[in-house]
Amino acid sequence: MNASPSSSVPPAGSAGADTLRKLLERPVPAVMGVLNVTPDSFSDGGKFIAPEEALKRARAMIEAGVDIIDIGAESTRPYTGAKAVTAADELARLKPVLSGIVALGVPVSIDSMKAEVVAFALDQGVAIANDVWGLQRDPAMAPLVAARGAPVIVMHNRDSVDPAIDIVVDMKAFFLRSLDIAAKAGIAREKIVLDPGIGFGKTAEQSMIALARLGELSVFGLPILVGASRKRFIASVSPSEPSDRLGGSIAAHLIAAQKGAKIIRTHDVAETLQALRVANAIESKPENTQ
């Protein structure tokens, strides 16, 4: 499949860009719900690979108030053991369900590092591209995103963990490379969201440092997405399995929101949205200065 747009497919980015802009203008961060149609994702692998279960999950997230549904058909599990799949594998998992999820009416993003998969998803009405390799893995990705005018989430990643590095310095250098690629391809800067990639190519300590120093990414002047949901760094503080990390996930996401994150990516939509709304309501009350 050719990842470039055909003459019969109009650029679909304006609707996605408008959707993203409206979500970013709100006082409470937008909540992106995770939907893995994979057999091996670290937290919920296999639960939603059947089309009927994926649709059921999408409807439940919409009922809970989700703002964006992020669907992925390849496990990019942020530690070790992820099995690479072909674009054909991803497409086989997406084709039975993607159009049905888009038809539910909530903006959908496609979590893929392959331009061929992203092109198919955009053809189905997906609004946002979510590249866990920040435009640096598939050389066709940036030209595709630019041609379609779609918003793109640029995530920091590393091939290997290096405990000795300053992870925030590494993130900044990575984003500079990604933004250069985006600019050369013609991706409008206002359509880019940065993601520090919590857990990806990082020790548990580095993931926490990335969150603690999240405000340093404001130098780019771009919105930030944080996905700390159920990540392993939580277990380094409070031993737990992925399904038992709700408290740690919410704690990390509230801190991320305080430090400027505008989108929160989570497996637990209702609980995360409630926490964000309550925190915002409290923070909006005036302090007694007497």
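Residues numbered from 1 in each chain as written. Predicted model: local features only at pLDDT ≥ 70, side-chain atom pairs only at ≥ 80, totals over all residues. Heavy atoms only, no water.

Asker: Even after reading the chapter, I still don't get helix α7 (residues 167-185), so can you show me in this structure?
Answerer: Note: α-helices contain 3.6 residues per turn, so residues at a spacing of three or four share the same orientation. Its 19 residues place the ends of α7 27 Å apart at the C-alpha level, agreeing with the 27 Å of an ideal helix rising 1.5 Å per residue. Here the buried face of α7 lies against β5 (152-155), β6 (192-195) and α8 (204-212). The opening residue of α7, the one whose side-chain oxygen lies 3.1 Å from the backbone nitrogen of V168, is D166. Remark: G186 follows α7 within two positions and exhibits a positive phi of approximately 95°. (Helix = DSSP H or I, 4+ residues; strand = E, 2+ residues; numbered from the N terminus. Expected span 1.5 Å × (residues − 1). Contact = heavy atoms within 4.5 Å. Polar contact = N/O pair within 3.5 Å; in protein donor to acceptor, adjacent residues only side chain to side chain.)

Asker: Looking at this structure, how should I read the pattern of salt bridges?
Answerer: Two side chains bearing opposite charge may form a pair once their charged atoms approach each other closely. Counting across every chain of the model gives 14 salt bridges. Residue D70 is joined to R265 by a salt bridge in which the shortest nitrogen-to-oxygen separation is 2.9 Å. Linking D70 in strand β2 (residues 68-72) with R265 in strand β8 (residues 263-266), this pair joins segments that are 195 residues apart in sequence. Salt-bridge contacts for D166 lead to R213; the nearest nitrogen and oxygen are separated by 3.2 Å. Taken together, the residues D166 in the loop between β5 and α7 and R213 in the loop between α8 and β7 (225-226) connect sequence positions 47 residues apart. (Salt bridge = Lys/Arg side-chain N within 4 Å of Asp/Glu carboxyl O.)

Asker: Got a minute to help me understand the sheet that holds β6 in this structure?
Answerer: Backbone-to-backbone hydrogen bonds join strands into a sheet, with any given pair of strands oriented parallel or antiparallel. The strand order across the open sheet built from 8 strands is β6-β5-β4-β3-β2-β1-β8-β7, with neighbouring strands paired in parallel fashion. In this open sheet, the two edge strands, each paired with only one partner strand, are β6 and β7. Both strand β4 (residues 128-131) and β5 contribute to a ladder of 3 bridges, which runs parallel. Counterpart to A129 in the pairing with β5 is V152. (Pairing = 2+ DSSP bridges.)

Asker: Is there a simple way to think about unusual backbone geometry in this case?
Answerer: As a rule of thumb, non-glycine residues mostly have phi less than zero, and peptide bonds are mostly trans rather than cis. The phi dihedral of L135 is positive, around 70°, even though this residue is not glycine. Summarising the element assignment, L135 is placed in the loop between β4 and α6 (141-148). The backbone of R230 shows a phi angle near 60°, a positive value even though the residue is not glycine. Residue R230 is classed as buried on the basis of its relative accessible area of 13%. (Buried < 20%, exposed > 50% of the residue type's maximum accessible area, 1.4 Å probe, protein only.)

Geometric descriptors of this kind do not, in isolation, establish any biological role.
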